[in-house]
Amino acid sequence: MHLLAFSLFAGFVAAESGLAAWLRYAPLSGSQHLHSSLPSHIVALNSTVGSPVYTAGQELHNGIQSIYGKQCNIHHGHWDAASSVVVGTVDEYTKAYGPLHNAPTLIADGYWLSTEGGTIQILGQNERGALYGTFQYLSMLAQGNFTKVAYASNPDAPIRWTNEWDNLDGSIERGFAGPSIFFANGVIVNNLTRVSEYARILASIGINAVVVNNVNANASLLTPQNIQGLGRIADVMRPYGVQVGISLFFASPTSAVQGQANLTTFDPIDESVVAWWTNVTDQIYEKVPDMAGYLVKANSEGQPGPLTYNRTLSQGANLFAKALQPHRGIVMFRAFVYNQLNESDWKADRANAAVDFFKPLDGEFDSNVVIQIKYGPIDFQVREPASPLFANIPQTNTAIELQVTQEYLGQQCHLVYLPPLWKTILDFDMQADDKPSLVRNIVSGERFNKSLGGYAGVVNVGTNETWIGSHLAMSNLYAYGRLAWDPTSDPTSILQDWIRLTFGADPSVVNTITQMSLESWPAYENYSGNLGIQTLTDILYTHFGPNPQSQDGNGYCQWTRADQKSIGMDRTVSNGTGFSGQYPSAVASQYENLATTPDNLLLWFHHVNYTTILKSGISVIQDFYNQHYAGAATAQTFLTQWQSLKGKIDEERYTDQLFRQSFQAGHSLVWRDAIVNFYHNLSSIADSSNRVGNYPHRIEAESMELDGYSIYAVNPFETASNKTAIVTSSNTTAGTASYTLTCGSGTYDVAVNYFDQYGGNSSYVLSINDKTVGNWTANFRPWIGNTEGPRVLGHTPSIYLDGHSAIRVTFSDVTIAMGDVLKIVGTPNGVEKAPLDYVSVLPLGVVD
Ligand code: GCU
């Protein structure tokens, strides 16, 4: 382990690829004089290689050397020296040095950190706690923080897990950073270096377990070879105190798993099924003696479960609980259980499902079952009320499921700093029994006096060196761990720790990234779906770009019920689905009434006319228009804010993020235009500011002079400007679109909106009077200035011309004279026929 940790560390300093995340231990310049404030000796009170305390010793050694250039000596066991840092458990310390004066009150995983006095003490309640305290101390050092501190820190909740939706073939459901670090070709990969690095990153933010495979699980995880592989995963994560968990396929007993018995039933109360799971569980614990437990998605989205046999969900959960109980493992049983519904039934509502299914079962779950509840009642939307289930099963352990991967929130191609969203849920007061009942105090176990509870974050890291697909998105992973440890922490100060650790302490860097990040969720909400209507993305396809129509007319019940006059889900008890009545009475009555429902959840709870006036004094439809324009305008500033950091952070990460901000700036306009045009078309109500449908700087591709290009009606219509685009008339021959410019002579930004479909890499050349302005390829590499991005955008691709494939490239400072001919030559490739939507010739500073 010694060698492994050291060689990893050596790799980290070499390049700013993102691989080291916030654990870069970047050298602090001019810090020589601080050497006397640093320890010279490291005493790690466990000499067993691979123990977290041993790891902590290595980490201290490497960190202090890298940040400050100071080489410390490492000792194991009792060592008396001035200027030392002692790391170990409280018990190890007591054995070596005698009882601690003023022993702190620590719970499992907690630590005591004291930098007062001659010896720095980092003492954990357990080994893991000692490692957490070590990372905290190193975080201070890496930020040049020498404040004298002496405090105990305990986790708010025992369960602080990540969920990875990795499939055994190496793909990742809703993963946007390349293939799995855990699996390939049906088995666990041989080289687990990235898994070990991931465990290190997770330990540094207090995460104590990883569920390594998709909730849509595959029974072949349970072959002897894969069980052995799980043992290997556990072995590389154990030095960091991170345990393994796995997702189970409920019908595994009948799945003919190689090496296991094949039954004819998976009925959870059938004795042969009980014996099957007991046996498999015992096999796993032989290879992974400290496995954290199971995660189960049952009777949800086509998955089998106990309901298949008319058994209850609690009977299903308890089946696993009993198999795990002798090994002290736990079952995370997901509350994401719902049926498809019919929109013609005004009272039908998927949001009701969790409480309908689970409330009657309160008290029937074994004590090692935890119900894992998504933060909102539907599915990780940009705005949801807190799930009422948190308040409805007081006799049951609960955990909150958050999504670090941005499935519905821009798939890491849009900057969205999520903690402010999470805080609206964690700090929400359910007022159960008219007593303060914050969601965070329910999931910690405190409010209903439960011993288990906590956090599950769906992360979906991949082999991409940025881990989740974008450098800036890593703030969400960092903050997830920090909030799971202490949900009262302030999202801004968490963010700023992360910025300093990731990019350095230059105040302009810290301030700029802080501002962009804090503006990002409101901006995304404004241009994707405001007023509680949810993310108006394509829920049937990629979950990426706009497609408001897709919400309605299917069984998923993410309905908007938008018609020509009105919009929103009536979830009242008096006239709607009754969902508001699932909350404790004070909250229920707030949401029941239009007047007391906050505007940002208005359309979640009420069906209203477009002309209904909001608390802001503006009508619903006008607010839609205004906010979509405002959100997209804010997203333009992310690009310029990021550009202001050129030279202040390393070129590699600067450039990579620049492409993403450029993409977001363009795609936010796609969102804006699609949503406002869709509702403008539906409601026939004009935008009082006359922006919608009125684009003075645009040249529609279909109105250019075309040679080898044909006009194409885009579906959904609102995802193309003026509903139409052009595509080359053949799959092999280039087409040309020309236009004689009528704008006055001057300098302009020229933006070209095109479509980047999956299945082809068309290429384009833009020229003015036959002089090339730029050329680019539609291959998911965002493009800005004169270079194509080195990395591919990781979002789910689309094979169509639609809101997912729509993309913009901008050429700045182009000199144009009246009467110049603008020409685009598009060369098709594969199925992609060099599609073009429009060109904007923009006076400098104007965005349209
Ligand atoms: C969403 C997501 C699915 C996922 C499901 C779940 O619906 O789109 O990919 O399987 O949630 O959480 O189980």
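- Naming follows an unreviewed UniProt entry, where the chain appears as Alpha-glucuronidase of Recurvomyces mirabilis.
- One UniProt comment on the chain, placed under Function (unreviewed entry), says "Alpha-glucuronidase involved in the hydrolysis of xylan, a major structural heterogeneous polysaccharide found in plant biomass representing the second most abundant polysaccharide in the biosphere, after cellulose. Releases 4-O-methylglucuronic acid from xylan."
- You can read under Sequence similarities (unreviewed entry) in the UniProt record for the chain the words "Belongs to the glycosyl hydrolase 67 family."

Structural notes on the domain arrangement of the chain
Line of reasoning, step 1. The domain boundaries assigned to the chain delineate domain 1 (5–153), domain 2 (159–489) and domain 3 (698–843).
Line of reasoning, step 2. Just the C-alpha atoms count here: the centres of domain 2 and domain 3 sit 43 Å apart.
Line of reasoning, step 3. In this assembly, six residues from domain 2 lie in contact with five residues from domain 3.
Line of reasoning, step 4. In total, domain 2 and domain 3 occlude about 460 Å² of area from one another, counting both sides; carbon and sulfur atoms represent 51% of this.
Line of reasoning, step 5. Taken as a group, Phe176, Gln411 and Cys413 account for 67% of the area that domain 2 buries against domain 3, more than any other trio of residues on that side.
Line of reasoning, step 6. Connecting domain 2 to domain 3 are zero salt bridges.
Line of reasoning, step 7. Connecting domain 2 to domain 3 are one residue pair in polar contact (both at pLDDT 80 or more).
Line of reasoning, step 8. Of the residues in the side of domain 2 that touches domain 3, the class split is two nonpolar, four polar and no charged.

Examining the UniProt feature "domain: Glycosyl hydrolase family 67 catalytic" (unreviewed entry) in the chain
Line of reasoning, step 1. Following the UniProt record, the feature "domain: Glycosyl hydrolase family 67 catalytic" (unreviewed entry) maps to residues 144–467 here.
Line of reasoning, step 2. In this annotation, residues 144–467 is assigned 23% helix and 15% strand; the end-to-end C-alpha distance for the span is 26 Å.

Brief notes about the site of the ligand
Line of reasoning, step 1. The immediate surroundings of the ligand are formed by 13 residues, with Glu173, Lys297, Arg334, Lys374 and Glu407 found nearest.
Line of reasoning, step 2. Take Arg174: an N or O atom from its side chain is 2.9 Å from an oxygen atom of the ligand.
Line of reasoning, step 3. At 2.6 Å from an oxygen atom of the ligand is found a side-chain nitrogen or oxygen belonging to Lys374.
Line of reasoning, step 4. The protein chains hide 96% of the 310 Å² of surface that the ligand would expose on its own.
Line of reasoning, step 5. Tallied by class, the residues present in the shell around the ligand amount to three nonpolar, two polar and eight charged.

Here's the deal with the packing of helix 14 (residues 507–528) against helix 17 (residues 620–643)
Line of reasoning, step 1. Axis separation between helix 14 and helix 17 bottoms out at 8 Å; the angle between their running directions is 155°. Relative to helix 17, helix 14 is oriented roughly antiparallel. Two packed elements cross with a definite hand, and for helix 14 against helix 17 that hand is left-handed. Here Thr512, Ile513, Gln515, Met516, Glu519, Ser520, Ala523, Asn526, Tyr527 and Ser528 of helix 14 come into contact with helix 17, specifically with Gln627, His628, Gly631, Ala632, Thr634, Ala635, Thr637, Phe638, Gln641 and Trp642.
Line of reasoning, step 2. Of the residues contributing to the contact of helix 14 with helix 17, the split by class is eight nonpolar, 11 polar and one charged.

Some details on the UniProt feature "active site" (unreviewed entry) in the chain
Line of reasoning, step 1. Following the UniProt record, one finds the feature "active site" (unreviewed entry) at Glu301, Asp379 and Glu407.
Line of reasoning, step 2. Note that Asp379 resides in the loop between strand 14 (369–374) and strand 15 (397–403).
Line of reasoning, step 3. Among the residues examined, Asp379 registers a relative accessible area of 6% and is labelled buried.
Line of reasoning, step 4. If sequence neighbours within four positions are ignored, Asp379 has contacts with Phe336, Arg350, Lys374, Glu384, Tyr408 and Gln558.

Quick notes on the nonpolar core
Line of reasoning, step 1. Counting residues in each nonpolar core, the largest one holds 210 residues, and the members touching the most others are Trp22 and Ile246.
Line of reasoning, step 2. When residues of this core are assigned to domains, at least three fall in each of domain 1 (5–153) and domain 2 (159–489).
Line of reasoning, step 3. Residues in contact with Ile246, not counting those within four places in the same chain, are Val211, Val212, Asn213, Leu221, Leu222, Leu230, Ile284, Met291, Gly293, Tyr294 and Leu295.
Line of reasoning, step 4. One finds Ala701, Val750, Leu793 and Val841 within the second-largest nonpolar core, a separate group that totals 33 residues.

Description of the packing of helix 2 (residues 52–68) against helix 4 (residues 127–142)
Line of reasoning, step 1. Contact geometry of helix 2 with helix 4 gives a least axis separation of 9 Å together with a crossing angle of 5°. On the basis of their axis angle, the class for helix 2 and helix 4 is roughly parallel. The residues of helix 4 that touch helix 2, namely those facing Pro52, Val53, Thr55, Ala56, Glu59, Leu60, Gly63, Ile64, Ile67 and Tyr68, are Glu127, Arg128, Ala130, Leu131, Thr134, Phe135, Tyr137, Leu138, Leu141 and Ala142.
Line of reasoning, step 2. In terms of residue class, the contact of helix 2 with helix 4 is built from 14 nonpolar, three polar and three charged.

Points about a nonpolar patch on the surface
Line of reasoning, step 1. A cluster of nonpolar side chains, namely Leu540, Tyr541, Tyr556, Tyr758, Ile799 and Tyr800, defines an oily patch on the protein surface of about 600 Å² accessible area.
Line of reasoning, step 2. Here Tyr758 lies in the loop between strand 24 (746–755) and strand 25 (763–768).

Details of the pattern of salt bridges
Line of reasoning, step 1. On inspection of all chains with the given rule, the structure shows 31 salt bridges.
Line of reasoning, step 2. Notably, a salt bridge pairs Arg200 with Glu59, separated by 2.7 Å at the nearest N-O pair. Highlighted residues: Arg200 in helix 5 (residues 193–203) and Glu59 in helix 2, separated in sequence by 141 residues.
Line of reasoning, step 3. Overall, the relative accessible area of 4% leaves Glu59 in the buried class.
Line of reasoning, step 4. The network of salt bridges with common partners includes Glu16, Arg24, Asp650 and Arg653.

Definitions and cut-offs
Residues numbered from 1 in each chain as written. Predicted model: local features only at pLDDT ≥ 70, side-chain atom pairs only at ≥ 80, totals over all residues. Heavy atoms only, no water. UniProt positions renumbered as here; feature names shortened; annotations may be inferred. Domains from an automatic or database assignment. Contact = heavy atoms within 4.5 Å. Buried area = accessible area lost by both parts, 1.4 Å probe. Salt bridge = Lys/Arg side-chain N within 4 Å of Asp/Glu carboxyl O. Polar contact = N/O pair within 3.5 Å; in protein donor to acceptor, adjacent residues only side chain to side chain. Nonpolar A, V, L, I, M, F, W, Y, C, P; charged D, E, K, R; others polar. Helix = DSSP H or I, 4+ residues; strand = E, 2+ residues; numbered from the N terminus. Near = heavy atom within 4 Å. Areas by Shrake-Rupley, 256 points an atom, 1.4 Å probe, with all protein chains shown as cover. Axes fitted to C-alpha atoms, helices over the stretch in contact; angles between N-to-C directions. Parallel < 35°, antiparallel > 145°, perpendicular 65-115°, else oblique. Left-handed = near helix turned anticlockwise from the far one by under 90°. Buried < 20%, exposed > 50% of the residue type's maximum accessible area, 1.4 Å probe, protein only. Core = buried A, V, L, I, M, F, W, Y, C linked by side-chain atoms within 4.5 Å. Patch = residues over 30% accessible without salt bridge, like charges linked within 9 Å, V, L, I, M, F, W, Y side chains within 5 Å.

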